[in-house]
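Residue-level listing of the chains:
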Amino acid sequence: MKEVFMEKVWWKDAIGYQIYIRSFKDSNDDGIGDLKGINQKLDYIKSVGADFIWICPFYDSPMDDNGYDVRDYYKVAQEYGKMADLKKLIKDAHDKSIRVVVDLVLNHTSDENIWFVKSEKKIEPFTDFYVWKDGKMVDGKMCPPNNWISFFSGPAWKYSEKRKQYYLKIFSNKMPDINYESETAFAEMEKVIDYFGELGVDGFRVDAIAHIGKDLTFADAKNLKKTYKSFSNLPNTHAYLKRFNKTFSKNNLVTMGELGGDPSKKDLIKYTTENELDMIFSFEQMSVFKKDHTINRKALIKTLKYKESLSSKNGWSVLFWLNHDYPRLISRIRGEQDNKNAQICLASLMYMLKGTPMVYNGEEIGMENYPFKSPADFKDVNAKMIFDNAEDIDAEFNKLKETTRDHSRTVMQWDSTKNAGFSAGKPWTYVNSNYKKVNVEKAQKAKDSILNNYSRLLAVRKEYGEALCNAKYKFFNKGGYMGYKVTCDGYTLEVIANLSKAERVLDLQGAEVLYSNMPKADSLKVYQTVVLKRSL
Ligand code: NOJ
């Protein structure tokens, strides 16, 4: 039985580690992280507790959106290495029992992709590969086909002088959306999936997958603030995915789908229960962070319950606190008196749930936000587009200095040497000036570091991972003293975090303390978290 489980769904009791390749480790000192750099750090990744890695896009790209704008799927971006480096990374990772999941961008490509170049010139069979529409004449002026707005701000359409039509682009101007009503589009992307399957990757994190189906009536959005509803979680997305799923399954590839655009619970469950995706990435947990940088305790327990419910029946959810699109976790809760232990509490509450934990590189050492000083400091195309369309630059800056994606993309802090040990060359982005205090080398040496807490916690998670898959969860919250009791076969696990204002006495009779972030567990200090085991 166990063998079938491990063979068929290795990912249910696995732990993932996400790598933002550009900022992770630079092996050739050009200031940009690369595939060989990741290879050098496999032992470290393993020591954190990971069983698989998710690598952000490394494909050939003009890097308008750091690789999410793919020019050529069959080539590695020159700054990240060569296909041979990817093959070696897959082999070396597998030798160390680390599986490899890569990013698959199905919703759009770069406007420099040959498919787009041909589509713009109406060269068959690529004419309808993207979403093209005529503009509307309004008061003698050419305007976009409808009022849809891009996730990155401004209109979701861009005019092509060559084709005299607009193309849809729900992200940046250089990222045209693919039209899956086109058989050629499907066939080309299926070839990409087969190619990486044959290369030996274990699966995909499927980017922006909630948006591949559009409202094909192209009617104006009624509520402008929710225009994304016109291209999010629509029935055709589910239909397209059912087709892609056949290619994923044929290659035995696991899929984790990024599901933005405010999906309903019904939608989320549909994705993983109706032969579409294996795992879902959804974002309810972002409601936990308050404007004053503290944790909303009520929202937290609600989120935990919700996440767990997504992994019932045959559905499955990824458990995470941040990724490369969000600010750093420890900074988001910096209003807490002890934000280091508060982060550890959040980690134990999230990563012991039913689902697959995913740690974002740098989270495990408590990397912090970067102190951006002016609009010119941002590197991210999203920030640039916000300023291009802004009426009040100062107001946008004040928001962005907290929320920018650039925070989570500063270089990984390995040690106290130049550029935090990321590169001997000039890094493409910022190095947080706290790197002499916050780095892997230091964290490894300090017993009570976030890193050592993560590896101890994740070791427990690993040991009980399989049991958690089928366990029953019961949640409680008494004024911030919160957590859940998990009933397994013959024993219970209790995951408790004290996020209340007072110390709490804990009955340890008959309990084994599997994990605690503080030395004694007989009474729980504020910001203390434990995992207990009791026989039934
Ligand atoms: C989601 C990715 O995580 C983000 O970084 C990217 O900008 C968009 N999808 C578009 O690909």
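Computed from a prediction, not measured in an experiment: that's the story for all the values here.

Reading guide: rules and limits
- Residues numbered from 1 in each chain as written.
- Predicted model: local features only at pLDDT ≥ 70, side-chain atom pairs only at ≥ 80, totals over all residues.
- Heavy atoms only, no water.
- Axes fitted to C-alpha atoms, helices over the stretch in contact; angles between N-to-C directions.
- Helix = DSSP H or I, 4+ residues; strand = E, 2+ residues; numbered from the N terminus.
- Parallel < 35°, antiparallel > 145°, perpendicular 65-115°, else oblique.
- Contact = heavy atoms within 4.5 Å.
- Nonpolar A, V, L, I, M, F, W, Y, C, P; charged D, E, K, R; others polar.
- Salt bridge = Lys/Arg side-chain N within 4 Å of Asp/Glu carboxyl O.
- Buried < 20%, exposed > 50% of the residue type's maximum accessible area, 1.4 Å probe, protein only.
- Near = heavy atom within 4 Å.
- Polar contact = N/O pair within 3.5 Å; in protein donor to acceptor, adjacent residues only side chain to side chain.
- Areas by Shrake-Rupley, 256 points an atom, 1.4 Å probe, with all protein chains shown as cover.
- 1 Å grid on protein atoms, 1.4 Å probe; cavity = no way out; pocket = protein on both sides within 12 Å on 5 of 7 lines; lining within 4 Å.
- Sits in = over half its atoms within 2 Å of the grid points.

Asks: Explanation requested: the packing of helix α5 (residues 83-95) against helix α7 (residues 183-199) in the structure shown.
Replies: Packed helix pairs are characterised by how far apart their axes lie and by the angle those axes make with each other. Two numbers describe how α5 lies on α7: the axes approach to 10 Å, and their chain directions differ by 55 degrees. On the basis of the axis angle, α5 is oblique to α7. From α5, M83, L86, K87 and I90 reach across to α7, where they touch Y195, F196 and L199. Looking at the contact of α5 with α7, its residues break down into six nonpolar, no polar and one charged.

Asks: Please explain the pattern of salt bridges as it appears in this structure.
Replies: Here the idea is simple: oppositely charged side chains can pair when their charged atoms come close. For the structure on display, the rule yields 34 salt bridges. Taking the shortest distance from any N to any O, the salt bridge between D65 and R405 comes out at 3.0 Å. You can see D65 sitting in the loop between β3 (59-60) and β4 (72-76) and its partner R405 sitting in the loop between α14 (393-403) and α15 (440-445), a full 340 residues away along the chain. Of the two residues, D65 and R405, neither departs from the other in class, the shared state being buried. For R405, the salt bridge goes to D325, with nearest N and O atoms at 3.3 Å. Here the residue R405 occupies a position in the loop between α14 and α15, and D325 occupies one in the loop between β14 (318-319) and α11 (329-332), the gap between them amounting to 80 residues. Residue D325 is classed as buried on the basis of its relative accessible area, which comes to 18%. Linked by salt bridges that have partners in common, D60, R71, D111, E112 and K174 make up one network.

Asks: Would you take a moment to explain the site of the ligand for this structure?
Replies: In the region of the ligand, 13 residues are neighbours, and D65, D207, H324, D325 and R405 sit closest. Between the ligand and R205, the relevant distance is 3.0 Å, taken from an oxygen atom to a side-chain nitrogen or oxygen of the residue. A distance of 2.5 Å separates an oxygen atom of the ligand from a polar atom in the side chain of D325. About the coverage of the ligand: the protein hides 98% of its 300 Å² of free accessible area. Spatially, the ligand is embedded in the largest pocket. Each residue belonging to the shell around the ligand can be placed in one class, and the counts come to four nonpolar, two polar and seven charged.

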